[in-house]
Amino acid sequence: MPTVLITGGCGYIGSHTAIELMKVGKLDVISIDNHHNSSPEAIDRIEAIAGKRMKNYAIDACDRAAVQEVFEAHPDIVGVIHFAAYKAVGESVEKPLEYYHNNFESLVNMLAACEANGVENFIFSSSCTVYGDIDKLPVTEETPTTEAASPYGNTKLVGERIIQDFIKSTDKVKAIALRYFNPVGADESGLNGEDPINAPNNLVPFITRVASGLLPQLTVFGGDYPTRDGTCIRDYIHVTDISIAHINALDYLLDGKNSSNYERLNLGSGNGVSVLEAINAFEEVSGVKLNYVIGDRRPGDVTQIYSDSSLAKEKLGWVAGRGISEMMASAWKWQLNLNESRAAQEA
Ligand code: WQD
């Protein structure tokens, strides 16, 4: 059966994409994930939801020989979805060389393996951080990319250029870079969600951990921005909508509908939501009053960003269907289930 190889298949977006691919059922799904920031438990969660057990190779995508062995063991691979990367913005500022080595070495390896093994279709997990801090909103794919605000953002910006240069050098591979805005939420079942090994930097897992008592208080990073309520505005998008976009993008390439061999697409809802609005949405769906304070701005934060994703709709027939309330409700359901299962494990 034709197979898709997901790198980072046990991670947040990778595991949700595996679930959606298995629900469609047209492709076998295998993964490369060394659990640097994911748990093998994700394989059980995927099986509990989708009814299939994903084969994961717990190898480092930077290990070219090990990657080649995976391709040789699976001659039916027709596409690669490359999620695996270090992605903590703050950590990337402290450890830039680790980020550049890991994120570039793994990307180069996967591209080289595709070309060496006749795999024509490559989907790259990129990010809206490539746009930096811009004034003209919403952001389209033609909005100029600028110097990223962090080494993490640079690994996405330069990663796209690595792919672009590679695609120009070969007629054996075609690629799409998907520029996510802010992926949040969890599978509707409540059985899979964000479960980072390291402490969360992102807003929504921080909210759900404060609300469930795992953390004492949320600090809103800045209340004096030039926005409608003084807090930063982001384009939050449900992780399941993001996952479905990857399936649409892979089909787009497999069906030969691509208008060029390298394309970039924004994946956002088009709705800007402030931090306080996100908190209010959470409080409404959870019934929990969140303990938060307004604190200092976080270095590197952009004031506001939200997307124009009409090109993804035109090319992939994709729109983000799940709103902020559903995102928060799914994140909360997952956090409660996770806390319960962790408590049972410790009992
Ligand atoms: C969102 C808003 C914070 C935590 C980053 C990456 C992006 C993607 C998502 C990988 C900001 C505020 C947060 C907190 C807060 N990563 N906040 N208190 O920085 O927009 O995007 O993560 O795919 O590429 O750049 O996401 O969730 O960290 O922050 O007030 O404790 O929430 O200031 O305004 P961000 P975030």
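Quick look at the structure, then. (Residues numbered from 1 in each chain as written. Predicted model: local features only at pLDDT ≥ 70, side-chain atom pairs only at ≥ 80, totals over all residues. Heavy atoms only, no water.)

1. Structural notes on the packing of aromatic side chains
Inference 1: This model, assessed by the stated rule, comprises four aromatic pairs.
Inference 2: Relative to Phe 181, the ring of Tyr 131 has its centre 6.5 Å away and its plane inclined at 25°; by these criteria the two rings are stacked. Of the two residues, Tyr 131 sits in the loop between strand E5 (121-127) and helix H6 (151-169) while Phe 181 sits in the loop between strand E6 (174-180) and strand E7 (182-184), which places them 50 residues apart along the sequence. Across the pair, Phe 181 and Tyr 131 agree in class, each one buried.
Inference 3: On the basis of an interplanar angle of 85° and a centroid distance of 5.3 Å, the ring pair of Phe 282 and Trp 332 is categorised as edge-to-face. Taken together, the residues Phe 282 in helix H9 (residues 275-286) and Trp 332 in helix H11 (residues 324-346) connect sequence positions 50 residues apart.
Inference 4: Between Lys 55 and the ring centre of Tyr 57, over which it is positioned, the NZ or CZ distance is 4.7 Å.
Inference 5: Above the face of the Tyr 225 ring, Arg 297 is positioned so that its terminal group lies 4.0 Å from the ring centre. (Phe/Tyr/Trp six-rings, centres within 6.5 Å; stacked < 30°, edge-to-face > 60°. Helix = DSSP H or I, 4+ residues; strand = E, 2+ residues; numbered from the N terminus. Buried < 20%, exposed > 50% of the residue type's maximum accessible area, 1.4 Å probe, protein only. Lys NZ or Arg CZ within 6 Å of the ring centre and 35° of its normal.)

2. Re the sheet that holds E5
Inference 1: Strand order in this open sheet of seven strands is E3-E2-E1-E4-E5-E6-E11, and the pairing throughout is parallel. Edge positions in the open sheet fall to strand E3 (55-57) and strand E11 (262-267), since each of these has one partner strand only. Strand-to-strand twist of the sheet, defined as the mean angle between neighbouring strand axes without regard to direction, takes the value 20°.
Inference 2: Of the strand pairs in this sheet, E5 and E6 are connected by seven bridges, and their pairing is parallel. When the sheet's bridge partners are listed, Asn 121 is paired in E6 with Lys 174.
Inference 3: In this fold helix H1 (residues 12-24) packs onto strand E1 (3-7), strand E2 (28-32), strand E4 (77-82) and E6, with an angle of close to 165° to the strand it touches most, E1. (Pairing = 2+ DSSP bridges. Axes fitted to C-alpha atoms, helices over the stretch in contact; angles between N-to-C directions. Contact = heavy atoms within 4.5 Å.)

3. Observations concerning the packing of helix H3 (residues 64-73) against helix H5 (residues 96-116)
Inference 1: As a packed pair, H3 and H5 sit with axes 10 Å apart at the nearest point and diverge in direction by 40°. When you trace H3 past H5, the crossing you get is right-handed. Mapping the contact onto sequence places Arg 64, Val 67 and Phe 71 in H3 and Val 108, Asn 109, Met 110, Ala 112, Ala 113 and Cys 114 in H5.
Inference 2: A class-by-class count of the residues in the contact of H3 with H5 yields seven nonpolar, one polar and one charged. (Left-handed = near helix turned anticlockwise from the far one by under 90°. Nonpolar A, V, L, I, M, F, W, Y, C, P; charged D, E, K, R; others polar.)

4. Some points on the side chain of His 74
Inference 1: Assignment of secondary structure puts His 74 in the loop between H3 and E4.
Inference 2: For His 74, the contacting residues outside a window of four places in its chain are Ile 30 and Tyr 57.

5. Observations concerning the pairing of E5
Inference 1: Within E5, seven of the seven residues are buried, leaving the element largely enclosed by the surrounding structure.
Inference 2: The alternating pattern of E5 places Asn 121, Ile 123, Ser 125 and Ser 127 and Phe 122, Phe 124 and Ser 126 on opposite faces, both of which are buried.
Inference 3: Relative to E5, E4 is paired through four bridges, and the arrangement is parallel. When the bridges of E5 are listed, Gly 79 appears paired with Asn 121.

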